[in-house]
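Tertiary structure, described
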Amino acid sequence: MKQTWKPTHTRKKEVLTALGIFQRATAEHLWRMLRPGDRHDRCTRDTLNALKGEGKARVETRLESGHQLWVLTERGHKEAKQLLPKSARMSAGTRVSSSVVRR
């Protein structure tokens, strides 16, 4: 039987916070940092796709390994900033570069 993974509010906050701090990451990187006890990165990928659907994260590129490299959108950056302590420094590199084609 196939197991269904549903992103929770807690997992969304974890991923937003991690991407706010580290700027870019693959689902595998986030899974190993945030949920190493999980058997695989499926829930992390589902969480990233949910954040993408909410306009808070996007795929920046696909790496040679085939993994997708994820970043926050401006909306995601603003939400992540609210989750971090005031003393935490967030990356500023979440803007869409001019080389990315908007659809």
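Summarised in this report is the structure supplied together with it. (Residues numbered from 1 in each chain as written. Predicted model: local features only at pLDDT ≥ 70, side-chain atom pairs only at ≥ 80, totals over all residues. Heavy atoms only, no water.)

1. A look at the overall build of the protein chain
Per the secondary structure count, the protein chain includes four helices and two strands. Along the chain direction, N to C, the helices and strands of the protein chain fall in the order α-α-α-β-β-α. Partitioning the intrachain contacts of the protein chain with sequence separation of at least 6 by distance along the chain shows that 49% fall at a separation of at least 24. (Helix = DSSP H or I, 4+ residues; strand = E, 2+ residues; numbered from the N terminus. Contact = heavy atoms within 4.5 Å.)

2. Some words on a nonpolar patch on the surface
On the surface, a nonpolar cluster with roughly 290 Å² of combined accessible area is contributed by Ile21, Phe22 and Met33. Within the secondary structure layout, methionine 33 lies in helix H2 (residues 27–34). (Patch = residues over 30% accessible without salt bridge, like charges linked within 9 Å, V, L, I, M, F, W, Y side chains within 5 Å. Areas by Shrake-Rupley, 256 points an atom, 1.4 Å probe, with all protein chains shown as cover. Salt bridge = Lys/Arg side-chain N within 4 Å of Asp/Glu carboxyl O.)

3. With respect to helix H1 (residues 9–22)
Look at H1: 20 Å from first C-alpha to last across 14 residues, which is about the 20 Å you get at 1.5 Å a residue. Within H1, the full set of buried residues consists of Arg11, Lys12, Val15, Leu16, Thr17, Ala18, Leu19 and Gly20. On the buried face of H1, the contacting elements are H2, helix H3 (42–53), strand S2 (68–72) and helix H4 (74–83). Once H1 ends, the next one or two residues include glutamine 23, with phi positive near 75°. (Expected span 1.5 Å × (residues − 1). Buried < 20%, exposed > 50% of the residue type's maximum accessible area, 1.4 Å probe, protein only.)

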